[in-house]
Amino acid sequence: MTQPHAPASAAKARQPRDPRLDFFRGLSLVMIYINHVPGTIFEHITSRNFGLSDAAEGFVFMSGCAVALAYGPRLAGGISRGAVRLAWMRAWTLYRVHILTTLLAIVIVGAGVLWSGETELLRPNSFYMLWEDPLTVGVGLVTLGHQFGYINILPMYGALMLAAPFLVRLGQRRPLGLLALSVAIWVLSARFRIDLPNYPLPGGWFFNPFSWQLLFSLGILTGLALRDGRRFVPASRWLLALTLFALLYALVWVKHPPLMSTMNQSLSWLYHQGASFLFVAFDKTYVSAPRLLHFLALAYALSWPGLIPALTASRLAAPVRLLGRYALWVFATGTVLSIAAQVIKALHPAGLVQDMVLILSGLALQYAVAHWQSQRAKPRGSAPVAMPVLPDKPRLQTQR
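Since we're looking at a predicted model, the values are computed, not measured.

## Side note on the packing of helix α16 (residues 327-347) against helix α17 (residues 352-376)
- At a minimum axis separation of 10 Å, α16 and α17 run at an interaxial angle of 160°. Classed by the angle they form, the pair α16 and α17 counts as roughly antiparallel. Remark: the crossing between α16 and α17 carries right-handed chirality. Contacts from W329, V330, T333, G334, L337, A341, I344 and K345 of α16 reach α17 at Q354, D355, L358, G362, L365, Q366, V369, A370, W372, Q373 and R376.
- In the contact of α16 with α17, the residues fall into 10 nonpolar, six polar and three charged.

Pasting the structure below:
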C-alpha cells in the first residue's frame, strides 16, 4: 500500500493548501448541524440518507490528516517535548471548548424550561439527570464521564490528540505497523467492550476512542503520504470501480425496502450464527465494519484526481472551504445553535418556514463566525494541508 518516500524538495514544492480538506470538512459541519436539529425537511437530503456511514467518520479521518501534516515535520527526527506539548495543548483546548459548549447548552435548555414550564425539555439528551442529581452529574461533566447527546464528539477527539504524536511518529517509521496496531485495537475494543467509562450512568462513551482511533490513524497515514507527494493507497481504476459499485449498492440498500430487508436479515442470521457484531451491525460506538467500509469506499472515490479537486477549489465552493478552515469555531457554534433550535422546535413545532429559518440562519451565523476568524487571524506560512475525503451521515443509526 505504501510507496517509497518522495524527496523532501518535492514535498516542499507542492501547493500550499489542498482545498479538498477545507471543503469536505466544511461540508461535514453543514451536515452535522442539519442532522443535529432533528425533524426538519433538510434532514432528508443530507448524506446520511444515502449510505451507511456519516459525517463523524469523515471528521475524525480528516482530523488525522491535518494532524499528520501539522505535526509530521516536528516529529521527523523523533518524539520531541515540543511536539508532544503542542498536541496536548490542543487536547486541552478541545476540553475547554467542550466544557463551554456544555455549559451553554445547559443554560439554553434551562432557560427553555424556566420560560415555558415544560420540564419535558429535560428528557432528551440526558439533561434531566443534571436536575435530579446535580452534584454527581457535575462531577461527571467535568471528568467527561457524562456527555449530553449531540455534545459528545470533542471528548473523543481530545483523547485522540493525547496519542497523536506517538501515532504520527509510528506512522513515519512503520506505516504498516501503525495500520496493524490500529486495526488490532479496533478489533479488541469491540471484542472485550473496551471503552472509557460513563459516570454516573453505566456503560462507556458513545464515541469510543479505542474504536475511533482507527479512522484517526488512517487519516494520519494518508496525511503522511500526502506530505511526501504520494498516495497511501495508490490510484487504481479497478479499485475505483469496486468502490463505486460498493457505494451504489449501499445506496440501493438504504433506499430499496426489499433489499434492505434481505440484507438486514442476512446480517442478523450471521450474528446469530456467532459472527461478531463488529462485522454485521451498524454500531456507531465501535465503528462497525459496514460503516467503516462504506466510509473508506467514499473516501477513496472522492480522493480521485481530476474533477473533485477542481470543484472543491472553485469560487462557488469558497464559503464551504471557509467553514472547514475554522472547523473548531464553526463546530462549537453549530453545537450551541443546534441545542437552541431543538428547544425552539420542541416548544413550537411549526413547519417548513420555521425549519428554513432555523437551519439557514444557523448556517449563516456559523459562516459569520468563520469569516470573523479569517479577518482577525494573522497571516501564516503556507503549510501544506492534507487531501481530504467527504464525511457522510449514517442511515441506520442516528448520532446522539
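## Describing the nonpolar core
- By size, the foremost hydrophobic cluster in this structure holds 84 residues, and its most contacted members are M161, W212, F216 and I220.
- In terms of residues, this core owes the most to one element, helix α3 (residues 55-75), which gives 11 residues.
- With residues near it in sequence (within four places) discarded, F216 still touches V60, S63, G64, V67, Y157, L160, M161, A164 and L167.
- V113, L122, L130 and I151 belong to the second largest nonpolar core, which has 16 residues in total.

## Focus on the pattern of salt bridges
- Across all of its chains, the model carries eight salt bridges by this definition.
- Ionic pairing is found between R325 and D22, a salt bridge with its closest N-O pair at 3.6 Å. Taken as a pair, R325 in helix α15 (residues 318-325) and D22 in helix α2 (residues 19-35) lie far apart in primary sequence, 303 residues in all.
- Given the relative accessible area of 41%, R325 is considered partly exposed.
- The partner of D54 in a salt bridge is K284, with the nearest N and O atoms 2.4 Å apart. You can see D54 sitting in the loop between α2 and α3 and its partner K284 sitting in the loop between α12 (277-280) and α13 (289-302), a full 230 residues away along the chain.
- Members of the salt-bridge network, linked through shared partners, are D54, E57, K284 and R291.

## Overview of helix α4 (residues 81-116)
- Between its first and last C-alpha atoms α4 spans 52 Å; for 36 residues at 1.5 Å apiece the expected length is 52 Å, and the two agree.
- G117, located one to two residues past α4, shows a positive phi value of around 80°.

## Re the side chain of T335
- Inspection of the secondary structure assignment puts T335 in helix α16.
- Note on T335: relative accessible area 5%, which makes it buried.
- Not counting chain neighbours up to four residues away, the residues in contact with T335 comprise T101, Y150 and I151.

## Some remarks on the packing of aromatic side chains
- For the structure on display, the rule yields 15 aromatic pairs.
- Arranged with centres 6.5 Å apart and planes meeting at 75°, the rings of Y249 and W253 form a pair that is edge-to-face. One end of the pair, Y249, and the other, W253, are both in helix α10 (residues 237-255), four residues apart, so they sit about a helical turn from each other.
- The class for Y249 is partly exposed, based on a relative accessible area of 33%.
- Their ring planes at 85° and their centres at 5.3 Å tell us that W329 and W372 sit as a pair that is edge-to-face. You can see W329 sitting in helix α16 and its partner W372 sitting in helix α17, a full 43 residues away along the chain.
- Of the residues examined, W329 reaches a relative accessible area of 40% and is grouped as partly exposed.
- These aromatic residues form a ring-pair network of at least three members: F245, Y249, W253 and F282.

## Some points on the confidence of the model for the chain
- A residue-level look at the chain finds 90% of positions with pLDDT of 70 or above and a mean pLDDT of 89.
- Confidence scores differ between elements of the chain, with helix α1 (residues 8-12) showing the lowest mean pLDDT of 43 and helix α8 (residues 175-191) the highest of 98.
- pLDDT under 50 marks residues 1-15. Its contacts with residues more than four places away, or in other chains, come to 24 contacts.
- Every residue in residues 382-400 is under pLDDT 50, and counting partners more than four places away or in other chains gives 109 contacts.

## Concerning unusual backbone geometry
- Put simply, Y199 and P200 share a cis peptide bond, and its omega is 10°.
- Residue placement: P200 occurs in the loop between α8 and α9 (209-227).
- We note that N125 has phi near 65°; this positive angle belongs to a residue other than glycine.
- Residue A350 is not a glycine yet carries a positive backbone phi of 50°.
- By secondary structure assignment, the location of A350 is in the loop between α16 and α17.

## Let's talk about the environment of P165
- For P165, the location among the structural elements is in helix α7 (residues 154-173).
- P165 sits 94 residues away from Y71 along the chain, and the two C-alpha atoms are 7.3 Å apart.
- Apart from the residues within four sequence positions on either side, P165 is in contact with L75, I79, A83, V84 and A87.

## Observations concerning the environment of P197
- Here P197 shows up in the loop between α8 and α9.
- In the structure, P197 is positioned 51 residues away from H146 in sequence and 9.0 Å away in space, judged by C-alpha atoms.
- Beyond its immediate stretch of four places on either side in the chain, P197 contacts G145, G203, G204 and W205.

## Topic: helix α6 (residues 134-142)
- Buried within α6 are the following residues: V137, G140 and L141. Projection of α6 onto a plane perpendicular to its axis shows the buried side chains occupying an angular sector of 100°, all on one side.
- Tucked inside the fold, the buried residues of α6 contact α4 and α5 (128-132).
- Trailing α6 by a residue or two, L144 shows a phi angle of about 70°, which is positive.

Rules behind the numbers
Think of each chain on its own: its residues are numbered from 1, step by step along the sequence as written. Local features in this predicted model are restricted to residues whose pLDDT is 70 or higher, and side-chain atom pairs enter the listing and the counts only when it is 80 or higher, whereas totals over whole chains, interfaces and linings include all residues. Values reported for side chains reflect all heavy atoms of the structure, with hydrogen atoms and water molecules removed beforehand. Orientation is described by lines fitted to C-alpha atoms, with helices fitted over the stretch in contact, and by angles between N-to-C directions that extend from 0 to 180 degrees. In this text, helices come from DSSP runs of H or I with a minimum length of four residues, and strands from runs of E with a minimum of two, each type numbered from the N-terminal end. Note that the term roughly parallel is reserved for angles under 35 degrees, roughly antiparallel for angles over 145, roughly perpendicular for angles of 65 to 115, and oblique for everything else. By convention the crossing between two helices is left-handed if the near helix lies anticlockwise of the far one by an angle smaller than a right angle, and right-handed if it lies clockwise. For this analysis, residues touch if any pair of their heavy atoms sits within 4.5 Å. Under the scheme applied, nonpolar residues are Ala, Val, Leu, Ile, Met, Phe, Trp, Tyr, Cys and Pro; charged residues are Asp, Glu, Lys and Arg; polar residues are all the others, including Gly. The definition of a nonpolar core used throughout is a set of buried Ala, Val, Leu, Ile, Met, Phe, Trp, Tyr and Cys residues joined through side-chain atoms within 4.5 Å. Buried means the residue's accessible area, taken with a 1.4 Å probe over protein chains only, is under 20% of the maximum for its type, while exposed means over 50%, and partly exposed covers the values in between. A carboxyl oxygen of Asp or Glu within 4 Å of a side-chain nitrogen of Lys or Arg is what we treat as a salt bridge. Each helix should span, by expectation, one fewer than its residue count multiplied by 1.5 Å. Under the pairing criterion, centres of Phe, Tyr and Trp rings, with the six-membered ring standing for Trp, must be within 6.5 Å; the plane angle then separates stacked pairs below 30 degrees from edge-to-face pairs above 60, leaving the rest tilted. Predictor confidence is given residue by residue as pLDDT, running from a minimum of 0 to a maximum of 100. This arc corresponds to the set of directions leading from the helix axis out to the C-beta atoms.

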